Amino acid sequence: NYSPAEYNLYSQGGAYGDAILSRHEILWQKDYQLEYAREHATDPQREKRSANVIKVQIDSKDVYVGCTHLDHLGTEYSRIYQAGQLRDIVAEYEGEIFVMGGDFNAVPTSQTMQIVTEYLTPSYTDPEQFTYPSIRNSASPTNMIDYVMKANYSDRIQCSSSNILNTRASDHCAVYAKYIFVDNE
(Lines give C-alpha, C1' and ligand atoms only; values in the text may rest on other atoms or scores of the structure.)
Protein backbone atom coordinates (compact mmCIF):
# COMPACT_ATOMS: atom_id res chain seq x y z
CA ASN A 1 0.00 0.00 0.00
CA TYR A 2 1.24 3.47 -0.76
CA SER A 3 -0.09 6.99 -0.62
CA PRO A 4 1.66 9.55 -2.80
CA ALA A 5 1.17 13.19 -2.01
CA GLU A 6 0.53 15.51 -4.91
CA TYR A 7 3.69 15.73 -7.00
CA ASN A 8 5.77 18.68 -5.94
CA LEU A 9 8.25 18.82 -8.78
CA TYR A 10 8.53 17.64 -12.37
CA SER A 11 12.13 17.40 -13.49
CA GLN A 12 14.28 15.39 -15.87
CA GLY A 13 11.31 13.32 -17.05
CA GLY A 14 10.18 12.37 -13.54
CA ALA A 15 7.76 13.46 -10.87
CA TYR A 16 8.91 14.00 -7.31
CA GLY A 17 7.11 14.41 -4.00
CA ASP A 18 6.34 12.79 -0.67
CA ALA A 19 4.82 9.35 -0.20
CA ILE A 20 4.01 6.95 2.60
CA LEU A 21 4.47 3.21 2.18
CA SER A 22 2.52 0.94 4.52
CA ARG A 23 2.17 -2.77 5.05
CA HIS A 24 -1.28 -1.96 6.44
CA GLU A 25 -4.23 -1.07 4.25
CA ILE A 26 -4.50 2.69 3.83
CA LEU A 27 -8.04 3.62 4.83
CA TRP A 28 -7.83 7.34 4.23
CA GLN A 29 -5.33 9.92 2.94
CA LYS A 30 -5.05 13.70 2.80
CA ASP A 31 -2.48 16.02 1.21
CA TYR A 32 -1.52 19.47 2.45
CA GLN A 33 0.48 22.04 0.51
CA LEU A 34 2.97 23.95 2.65
CA GLU A 35 3.49 27.60 1.84
CA TYR A 36 6.73 29.56 1.91
CA ALA A 37 7.47 32.56 4.07
CA ARG A 38 6.78 35.85 2.31
CA GLU A 39 10.54 36.43 1.87
CA HIS A 40 10.76 33.30 -0.29
CA ALA A 41 7.31 33.14 -1.91
CA THR A 42 8.50 34.19 -5.38
CA ASP A 43 11.96 32.57 -5.31
CA PRO A 44 12.22 30.29 -8.41
CA GLN A 45 14.75 28.08 -6.56
CA ARG A 46 12.03 26.91 -4.13
CA GLU A 47 10.35 23.58 -4.78
CA LYS A 48 6.75 22.98 -3.71
CA ARG A 49 6.56 21.41 -0.22
CA SER A 50 3.84 19.28 1.26
CA ALA A 51 2.67 17.03 4.05
CA ASN A 52 0.77 13.80 3.55
CA VAL A 53 -1.32 12.04 6.21
CA ILE A 54 -2.82 8.55 6.06
CA LYS A 55 -5.01 6.50 8.37
CA VAL A 56 -4.37 2.80 8.95
CA GLN A 57 -5.67 0.32 11.50
CA ILE A 58 -3.23 -1.61 13.67
CA ASP A 59 -4.57 -4.01 16.30
CA SER A 60 -8.04 -2.50 15.72
CA LYS A 61 -6.75 0.99 16.55
CA ASP A 62 -6.84 3.93 14.15
CA VAL A 63 -3.33 5.28 13.59
CA TYR A 64 -2.58 8.44 11.61
CA VAL A 65 0.83 8.66 9.96
CA GLY A 66 2.22 11.76 8.29
CA CYS A 67 5.27 12.63 6.25
CA THR A 68 6.76 15.90 5.12
CA HIS A 69 9.80 17.51 3.54
CA LEU A 70 10.47 21.09 4.62
CA ASP A 71 12.35 23.75 2.67
CA HIS A 72 16.07 23.07 2.26
CA LEU A 73 17.48 26.37 1.07
CA GLY A 74 19.34 29.03 3.02
CA THR A 75 17.80 30.76 5.98
CA GLU A 76 15.22 29.24 8.31
CA TYR A 77 12.40 31.68 7.48
CA SER A 78 10.41 29.23 5.36
CA ARG A 79 11.13 26.21 7.57
CA ILE A 80 9.89 28.17 10.59
CA TYR A 81 6.78 29.20 8.64
CA GLN A 82 6.22 25.60 7.51
CA ALA A 83 6.70 24.33 11.09
CA GLY A 84 3.79 26.57 12.06
CA GLN A 85 1.67 25.07 9.28
CA LEU A 86 2.59 21.56 10.47
CA ARG A 87 1.42 22.52 13.97
CA ASP A 88 -2.02 23.23 12.50
CA ILE A 89 -2.03 19.94 10.59
CA VAL A 90 -1.05 17.90 13.66
CA ALA A 91 -3.73 19.72 15.70
CA GLU A 92 -6.41 18.43 13.28
CA TYR A 93 -5.78 14.92 14.64
CA GLU A 94 -5.75 15.76 18.35
CA GLY A 95 -7.04 12.85 20.39
CA GLU A 96 -5.84 10.34 17.79
CA ILE A 97 -2.67 8.29 17.59
CA PHE A 98 -0.42 10.36 15.31
CA VAL A 99 3.16 9.84 14.11
CA MET A 100 5.01 12.02 11.58
CA GLY A 101 8.32 11.50 9.85
CA GLY A 102 10.31 13.31 7.26
CA ASP A 103 13.18 15.49 6.20
CA PHE A 104 12.81 18.64 8.28
CA ASN A 105 16.13 20.08 7.03
CA ALA A 106 16.71 21.38 10.55
CA VAL A 107 19.12 20.30 13.27
CA PRO A 108 17.74 19.63 16.79
CA THR A 109 18.98 22.99 18.13
CA SER A 110 17.43 25.06 15.30
CA GLN A 111 14.53 27.43 15.79
CA THR A 112 12.50 25.25 13.42
CA MET A 113 12.91 22.18 15.64
CA GLN A 114 12.25 24.22 18.78
CA ILE A 115 8.84 24.99 17.27
CA VAL A 116 8.25 21.42 16.03
CA THR A 117 9.07 19.87 19.39
CA GLU A 118 6.33 21.99 21.01
CA TYR A 119 3.85 19.58 19.38
CA LEU A 120 5.91 16.53 18.27
CA THR A 121 8.31 14.37 20.31
CA PRO A 122 11.32 12.95 18.41
CA SER A 123 11.95 9.22 18.62
CA TYR A 124 15.71 9.66 19.04
CA THR A 125 17.36 9.87 22.42
CA ASP A 126 20.91 10.53 21.23
CA PRO A 127 21.31 14.01 19.70
CA GLU A 128 24.24 12.67 17.69
CA GLN A 129 22.13 10.17 15.76
CA PHE A 130 23.11 11.85 12.50
CA THR A 131 21.08 11.27 9.34
CA TYR A 132 22.76 13.35 6.64
CA PRO A 133 24.60 12.78 4.41
CA SER A 134 24.40 9.02 3.99
CA ILE A 135 27.28 6.78 2.95
CA ARG A 136 26.12 7.33 -0.64
CA ASN A 137 27.69 10.80 -0.46
CA SER A 138 30.04 10.72 2.51
CA ALA A 139 32.03 8.49 4.82
CA SER A 140 29.71 9.28 7.72
CA PRO A 141 26.73 11.51 8.48
CA THR A 142 27.34 14.80 10.28
CA ASN A 143 23.85 16.31 10.79
CA MET A 144 20.52 15.21 12.25
CA ILE A 145 17.80 16.62 9.97
CA ASP A 146 15.47 13.63 9.49
CA TYR A 147 13.04 12.56 12.20
CA VAL A 148 10.22 10.24 13.20
CA MET A 149 8.08 11.82 15.92
CA LYS A 150 4.82 11.24 17.75
CA ALA A 151 2.32 13.96 18.54
CA ASN A 152 2.70 15.16 22.10
CA TYR A 153 -1.01 14.40 22.69
CA SER A 154 -0.58 10.76 21.51
CA ASP A 155 -0.25 9.22 24.95
CA ARG A 156 -1.51 5.82 23.76
CA ILE A 157 1.85 5.05 22.09
CA GLN A 158 5.49 5.32 23.06
CA CYS A 159 8.73 4.82 21.18
CA SER A 160 10.40 1.60 22.26
CA SER A 161 13.46 1.91 20.02
CA SER A 162 15.00 4.19 17.43
CA ASN A 163 17.95 3.67 15.12
CA ILE A 164 19.61 5.32 12.15
CA LEU A 165 20.14 3.05 9.15
CA ASN A 166 22.90 4.20 6.82
CA THR A 167 22.21 3.37 3.19
CA ARG A 168 23.41 3.92 -0.34
CA ALA A 169 19.78 4.07 -1.56
CA SER A 170 19.38 7.73 -0.58
CA ASP A 171 21.45 10.79 0.21
CA HIS A 172 19.89 10.62 3.71
CA CYS A 173 20.04 7.83 6.25
CA ALA A 174 16.76 6.17 7.20
CA VAL A 175 15.29 6.77 10.65
CA TYR A 176 13.82 3.59 12.11
CA ALA A 177 11.49 4.05 15.05
CA LYS A 178 9.40 1.36 16.71
CA TYR A 179 6.29 2.49 18.57
CA ILE A 180 4.24 0.33 20.88
CA PHE A 181 0.72 0.77 22.19
CA VAL A 182 0.38 1.76 25.82
CA ASP A 183 -2.70 0.59 27.70
CA ASN A 184 -4.01 3.70 29.46
CA GLU A 185 -7.31 2.21 30.52
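Before reading further, recall that the structure is shown in the block above.
Keep in mind that this is a model prediction, so the values were computed, not measured.

Draft legend 1. Expanded view of the side chain of Thr68. Tracing the sequence through the fold places Thr68 in strand S7 (residues 61-69). Discounting chain neighbours no more than four positions away, the residues touching Thr68 are Asp18, Leu34, Ser50, Ala51, Leu86, Met100, Gly101, Gly102, Asp103 and Phe104.

Draft legend 2. Layout of the sheet that holds strand S5 (residues 28-34). Taken together, six strands build an open sheet; the order of strands is S5-S6-S7-S8-S10-S9 and the sheet is mixed. Of all the strands in the sheet, just S5 and strand S9 (120-122) have a single pairing partner and so form its edges. Averaged over neighbouring strand pairs, the angle between their axes works out to 25° when direction is ignored. Pairing between S5 and strand S6 (residues 49-58): seven bridges, direction antiparallel. Looking at the pairing, Gln33 lines up with Ser50 of S6. Together, S5, S6, S7, strand S8 (97-103), S9 and strand S10 (146-151) form the strand contacts of helix H1 (residues 77-91), whose direction differs from that of S5 by roughly 155°.

Draft legend 3. A look at unusual backbone geometry. Put simply, Tyr132 and Pro133 share a cis peptide bond, and its omega is -10°. Assignment of secondary structure puts Pro133 in the loop between S9 and S10. Notably, Ser60 is not glycine yet its phi reads approximately 65°, a positive angle. Its location among the elements puts Ser60 in the loop between S6 and S7. Taking the relative accessible area as the measure of exposure, Ser60 reaches 69% and is therefore exposed. Of note, Asn105 is a non-glycine position whose phi angle comes to about 50°, a positive value. Position of Asn105 among the secondary structure elements: in the loop between S8 and helix H2 (111-116).

What counts, and at which threshold
- Residues numbered from 1 in each chain as written.
- Predicted model: local features only at pLDDT ≥ 70, side-chain atom pairs only at ≥ 80, totals over all residues.
- Heavy atoms only, no water.
- Helix = DSSP H or I, 4+ residues; strand = E, 2+ residues; numbered from the N terminus.
- Contact = heavy atoms within 4.5 Å.
- Pairing = 2+ DSSP bridges.
- Axes fitted to C-alpha atoms, helices over the stretch in contact; angles between N-to-C directions.
- Buried < 20%, exposed > 50% of the residue type's maximum accessible area, 1.4 Å probe, protein only.

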